[in-house]
Amino acid sequence: MPELAYRDALNQALSEEMARDPRVFLMGEEVARYNGAYKVSQGLLDKFGSARVVDAPISELGFAGLGVGAAMLGLRPVIEMMTWNFAILAMDQIVNNAAKLRHMSGGQLRCPIVFRGPGGAGGRLSSQHSQALEANYAHFPGLKVVAPGTPADAKGLLKSAIRDENPIIFVEAELLYGSRGDVPEGEYTIPIGKADIKRPGRDVTLITWSRMLTAAVLPAAELLAQQGIDAEVIDLRSIKPLDHETIAASVRRTNRVVVVEESWPFASVGSELSDFIQRECFDDLDAPVRRVTGLDVPMAYAANLERAIQPSPERIIEAVNAVLYRPG
């Protein structure tokens, strides 16, 4: 199994799906001649031509709407947002058209489209370019939200997203593009809505997704192991739909839960997870669910403040000690 960078795993998925299905095309700012702002579309213009790898003007609302229309007419667009921060400008097309077409047409129309691009902190890009916005999209019925944290999951989930009959929000953590990992070759898909236990354990369940998996949670689990605490790590991979079964089974094993997310605490994905666990798994809990989130402030530009705002292994260990009723 070859080792690939996260960006190259996404590139491989796009290339394979475009070769498999002539209805698939890629559109976005600088995806063609420049090979993508983050080089995810490297070489695709040369392989598939300008009719299927399309440079769009700087108008997120416009080319998102073009993609929705193309999906309604039978194509399978992949719309790249240079960053999910810019996709705020396209919210009307995403949530009022793509998400609602099947419902409002009584099933006569469908919208098989993937909106993808980088999200979360970008490394000293400050407040307007460092937002983890997946909870915004998960709020709307009709959208599926995917946020892979490893190169293998990025490839398998993007292939599944392109084949799905529904609009998909595909969030790629900006700081993961250069990360590397083993990636299966050829036909390889991962079902949307299926979480993955990245580390089995018995003492506490750590639930996360996207970059927090490798940036904070797995390092925290290793440090906890040195203290004799065996943490189970669940990578959700799909935020909507959620894999309630895997979460509940883990809670039955460990009886304690800490949810870790990059985004802000108010009305977040972690809020939904905490509600589900404390409502449906109450009798299995030996302590209230704890959450470790980004701080409730705009992202700072200074590197030291940027680090302080985001979840860290130290904050996760503090939360684990709290649910285990251990002195901090």
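Everything below is about the structure printed above this text.
This one's a predicted model, so the numbers in the text were calculated from it and none came from an experiment.

Undergrad: Which parts of the structure should I look at to understand the sheet that holds strand β9 (residues 196–199)?
TA: Sheets are built from strands paired through backbone hydrogen bonds, the pairs being either parallel or antiparallel. The 5 strands are arranged β9-β11-β10-β13-β14 in an open sheet whose pairing can be described as mixed. Strands with a single pairing partner mark the edges of an open sheet, and in this sheet they are β9 and β14 (290–292). Neighbour-to-neighbour, the strand axes of the sheet open up by a mean angle of 25°, direction not taken into account. Relative to strand β11 (residues 231–235), strand β10 (residues 204–208) runs parallel, the two being bridged by 5 bridges. By the bridge assignment for β11, T208 is matched with D235. Relative to β11, helix α8 (residues 212–226) is tilted by about 170°, and along the sheet it contacts β9, β10, β11 and β13 (257–260).

Undergrad: Would you explain helix α1 (residues 6–20) in this entry?
TA: It helps to recall that an α-helix has 3.6 residues per turn; residues three or four apart then point in one direction. Compared with an ideal rise of 1.5 Å per residue, which puts 15 residues at 21 Å, α1 spans 21 Å between its outermost C-alpha atoms and is within 8% of the ideal. Buried residues of α1: Y6, A9, L10, N11, A13, L14, S15, E17 and M18, and no others.

Undergrad: Can you walk me through the packing of aromatic side chains in this structure?
TA: Centre-to-centre distance and the angle between the planes together describe a pair of aromatic rings. By the definition in use, this model includes 3 aromatic pairs. With a centroid separation of 6.0 Å and an interplanar angle of 70°, the aromatic rings of Y6 and Y177 are classed as edge-to-face. In this pair, Y6 sits in helix α1 while Y177 sits in the loop between β7 (168–173) and β8 (180–182), placing the two residues 171 residues apart along the sequence. Of the two residues, Y6 and Y177, neither departs from the other in class, the shared state being buried.

Undergrad: Explain the sheet that holds strand β12 (residues 238–240) here, please?
TA: Taking strand neighbours across the sheet as the criterion, the 7 strands line up as β3-β2-β4-β5-β7-β6-β12 in an open arrangement whose pairing is mixed. Of all the strands in the sheet, the pair left with one neighbour each is β3 (53–55) and β12. If you compare each strand with its neighbour and ignore which way they point, the axes differ by 20° on average. Sheet topology note: the strand β5 (residues 114–119)/β7 ladder contains 6 bridges and is parallel. For V114, the partnering residue across the bridge sits in β7 and is I168. Most of the contacts of helix α7 (residues 151–163) go to β7, to which it runs at about 160°, and overall it touches β2 (24–28), β4 (76–80), β5, β6 (144–146), β7 and β12.

Undergrad: Help me understand the side chain of E29, please; the structure alone is not making it clear to me.
TA: Mapped onto the fold, E29 is located in the loop between β2 and α2 (44–48). There is no salt bridge for the buried E29, and the closest opposite charge comes from R116, which lies 11 Å off by N-O distance. When neighbours within four sequence positions are excluded, E29 is seen to be in contact with A56, P57, I58, S59, E60, F63, E80, M82 and F86.

Undergrad: Would you explain the environment of E187 in this entry?
TA: Its location among the elements puts E187 in the loop between β8 and β9. A relative accessible area of 56% places E187 in the exposed class. Along the chain, E187 and N255 lie 68 residues apart, while their C-alpha atoms are 38 Å from each other. Not counting residues within four places of it along the chain, the set of residues in contact with E187 comprises K159 and R163.

Reading the values: the criteria
Residues numbered from 1 in each chain as written. Predicted model: local features only at pLDDT ≥ 70, side-chain atom pairs only at ≥ 80, totals over all residues. Heavy atoms only, no water. Pairing = 2+ DSSP bridges. Helix = DSSP H or I, 4+ residues; strand = E, 2+ residues; numbered from the N terminus. Axes fitted to C-alpha atoms, helices over the stretch in contact; angles between N-to-C directions. Contact = heavy atoms within 4.5 Å. Expected span 1.5 Å × (residues − 1). Buried < 20%, exposed > 50% of the residue type's maximum accessible area, 1.4 Å probe, protein only. Phe/Tyr/Trp six-rings, centres within 6.5 Å; stacked < 30°, edge-to-face > 60°. Lys, Arg positive; Asp, Glu negative; His and termini not counted. Salt bridge = Lys/Arg side-chain N within 4 Å of Asp/Glu carboxyl O.

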